[in-house]
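Survey of secondary and tertiary structure
Single-letter residue listing:
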Amino acid sequence: KSNIKKLNHSLMMIKTTSFEPIINNSYGKQQIRLIFKYNDQTYNLPITDPLFLRQYKHDNTILNDSHKIYIILSLGVEFNSNFYKLVATIFYDL
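These notes cover the structure that comes with them.

About the criteria used
Residues numbered from 1 in each chain as written. Predicted model: local features only at pLDDT ≥ 70, side-chain atom pairs only at ≥ 80, totals over all residues. Heavy atoms only, no water. Core = buried A, V, L, I, M, F, W, Y, C linked by side-chain atoms within 4.5 Å. Buried < 20%, exposed > 50% of the residue type's maximum accessible area, 1.4 Å probe, protein only. Helix = DSSP H or I, 4+ residues; strand = E, 2+ residues; numbered from the N terminus. Contact = heavy atoms within 4.5 Å. Patch = residues over 30% accessible without salt bridge, like charges linked within 9 Å, V, L, I, M, F, W, Y side chains within 5 Å. Areas by Shrake-Rupley, 256 points an atom, 1.4 Å probe, with all protein chains shown as cover. Salt bridge = Lys/Arg side-chain N within 4 Å of Asp/Glu carboxyl O. Pairing = 2+ DSSP bridges. Axes fitted to C-alpha atoms, helices over the stretch in contact; angles between N-to-C directions. Lys, Arg positive; Asp, Glu negative; His and termini not counted. Polar contact = N/O pair within 3.5 Å; in protein donor to acceptor, adjacent residues only side chain to side chain.

1. Topic: the nonpolar core
- Ranked by size, the top nonpolar core spans 18 residues in total, and within it L34, F36 and V87 carry the most contacts.
- If you list the elements that add at least two residues to this core, you get strand 3 (29-38), helix 2 (50-58), strand 5 (69-75) and strand 6 (85-91).
- Not counting residues up to four positions away in its chain, the partners in contact with V87 are L34, F36, L45, P46, I47, T48, D49, I71, I72 and L73.

2. Observations regarding a nonpolar patch on the surface
- On the surface, a nonpolar cluster with roughly 290 Å² of combined accessible area is contributed by M13, Y70 and F91.
- Its location among the elements puts Y70 in strand 5.

3. Brief notes about the environment of I71
- Locating I71 in the fold gives a position in strand 5.
- Taking the relative accessible area as the measure of exposure, I71 reaches 0% and is therefore buried.
- With 20 residues separating them along the chain, I71 and F91 place their C-alpha atoms 6.3 Å apart.
- Non-local contacts of I71, meaning those with residues more than four positions away in its chain, are made with M12, M13, I14, T16, L34, F36, V87 and T89.

4. Section: the sheet that holds strand 1 (residues 11-16)
- With antiparallel pairing, three strands are arranged side by side in an open sheet as 1-5-6. Two strands lie at the open edges of the sheet, namely strand 1 and strand 6, each paired on one side alone. Across the sheet, the axes of successive neighbouring strands diverge by a mean angle of 30°, strand direction being ignored.
- Inspection of the sheet shows strand 1 paired to strand 5 by six bridges, in the antiparallel sense. Residue pairing for strand 5: T16 is matched across the bridge by I69.

5. Thoughts on the side chain of D49
- Here D49 lies in the loop between strand 4 (41-46) and helix 2.
- For the buried D49, no salt bridge is present, and the opposite-charge side chain at shortest range is R54, 7.2 Å distant.
- For D49, the side chain forms a polar contact with the main-chain nitrogen of I90, separated by 3.0 Å.
- Residues within four places of D49 in sequence aside, it is in contact with V87, A88, T89 and I90.

Keep in mind that these numbers describe shape and distance, not what the molecule does.
Set out below in structure tokens:
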């Protein structure tokens, strides 16, 4: 929490060449998440991009031919004394 309060931004754009969308069925709810690598770290974050989610539900192979994607990461507001990261937007080649 102390490090988060030092931040002057809540969005970050990154490029990754290692990524995979997955469907997670937990707590009786389906959630589309993105597993990706950035700076030698692996992340597994929920996707909230409404356009991507709509397109992915129509065709879950939309990223298969992409060799890189750009991701807008967002730091959500505090919830239950925790802060959560999420994938707010995904840019990819059509």
